[in-house]
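# What the coordinates show
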Amino acid sequence: VQLQASGGGLVQAGGSLRLSCAASGRTFSNNAMGWFRQAPGKEREFVAAINWRGESTYYADSVKGRFTISRDNAKNTVNLYLQMNSLKPEDTAVYYCAASRRSYSGSYQYDYNSWGQGTLVTVSS
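Since we're looking at a predicted model, the values are computed, not measured.

### Quick notes on the nonpolar core
If you look at the biggest cluster of nonpolar residues, it comprises 35 residues, and the most contacted ones within it are Trp 35, Leu 82, Met 84 and Tyr 95. Elements with a contribution of two residues or more to this core: β1 (2-6), β3 (17-24), β4 (33-38), β5 (45-50), β7 (67-73), β8 (78-84), β9 (93-100) and β11 (119-124). If near-sequence neighbours (up to four positions away) are discounted, Leu 82 is found in contact with Leu 17, Arg 18, Leu 19, Trp 35, Val 47, Ala 48, Phe 67, Thr 68, Ile 69 and Tyr 95.

Written out as structure tokens, the structure is:
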């Protein structure tokens, strides 16, 4: 089972990026999914979560109004996205996608038992 995150890169402050996460090996269509990030020297933190059908979302206060999480439950796979707008230097981090063991999850990291390898987002000032 793999979650493959992509879409990171270098962007100027105020710019946008779209992260993607593709699942292989199994489908997570019945599982909530989320994005987390870890900045250098800091602990991993919650960014956003979406329930299994994509109808309910939840965001960290620091990204609310700027980031949008979405998902596409295809027949044999799930694609997870994070649209990031109005990026700030403090958004610089490695971003991880994760799948929860539950159909609804929020910021509690121990709900998430499948993790991708991370993609680096660097926002320059």
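### Topic: the side chain of Ser 100
Relative to the assigned elements, Ser 100 resides in strand β9. Looking at Ser 100, the relative accessible area reads 0%, which means it is buried. Reaching out from Ser 100, the side chain makes a polar contact with the side chain of Ser 105 at a distance of 2.5 Å. Of the polar contacts made by the side chain of Ser 100, one reaches the backbone oxygen of Asp 111; its length is 3.3 Å. With residues up to four places along the chain from it excluded, the contact list for Ser 100 reads Asn 31, Ala 32, Ser 105, Asp 111, Tyr 112 and Asn 113.

### Quick notes on the pattern of salt bridges
Opposite charge on two side chains permits pairing when their charged atoms draw close. One pass over the full model with this rule turns up six salt bridges. Between Glu 45 and Arg 37 there is a salt bridge; the shortest N-O distance is 2.6 Å. Asp 111 is the salt-bridge partner of Arg 102, the closest N and O atoms lying 2.9 Å from each other. Note on Arg 102: relative accessible area 44%, which makes it partly exposed. The network of salt bridges with shared partners includes Arg 37, Glu 45, Arg 66 and Asp 91.

### With respect to the environment of Asn 85
You can see Asn 85 is positioned in the loop between β8 and β9. Overall, the relative accessible area of 30% leaves Asn 85 in the partly exposed class. On a C-alpha basis, the gap between Asn 85 and Leu 17 in space is 6.7 Å, while along the polypeptide they are 68 residues apart. Sequence-distant contacts of Asn 85, that is, excluding residues within four places in its chain, are made with Gly 15, Ser 16, Arg 66 and Phe 67.

### Observations concerning the environment of Leu 3
Among the secondary structure elements, Leu 3 is positioned in strand β1. Sequence separation of Leu 3 and Ser 24 is 21 residues, and the distance between their C-alpha atoms is 6.5 Å. For Leu 3, the contacting residues outside a window of four places in its chain are Cys 21, Ala 22, Ala 23, Phe 28, Met 33, Cys 97, Ala 98, Ala 99, Ser 114, Trp 115, Gly 116 and Gln 117.

### Quick word on the sheet that holds β1
If you trace the four strands from one edge of the open sheet to the other, you get β1-β3-β8-β7, paired in antiparallel fashion. Strands with a single pairing partner mark the edges of an open sheet, and in this sheet they are β1 and β7. Sheet twist, expressed as the mean angle between neighbouring strand axes with direction ignored, is 15°. As defined by bridge partners, β1 adjoins β3 across five bridges and the pair is classed as antiparallel. Residue Leu 3 lies in a different strand from β3, and its bridge partner there is Ala 23.

Thresholds, definitions, all that
Residues numbered from 1 in each chain as written. Predicted model: local features only at pLDDT ≥ 70, side-chain atom pairs only at ≥ 80, totals over all residues. Heavy atoms only, no water. Core = buried A, V, L, I, M, F, W, Y, C linked by side-chain atoms within 4.5 Å. Buried < 20%, exposed > 50% of the residue type's maximum accessible area, 1.4 Å probe, protein only. Helix = DSSP H or I, 4+ residues; strand = E, 2+ residues; numbered from the N terminus. Contact = heavy atoms within 4.5 Å. Polar contact = N/O pair within 3.5 Å; in protein donor to acceptor, adjacent residues only side chain to side chain. Salt bridge = Lys/Arg side-chain N within 4 Å of Asp/Glu carboxyl O. Pairing = 2+ DSSP bridges. Axes fitted to C-alpha atoms, helices over the stretch in contact; angles between N-to-C directions.

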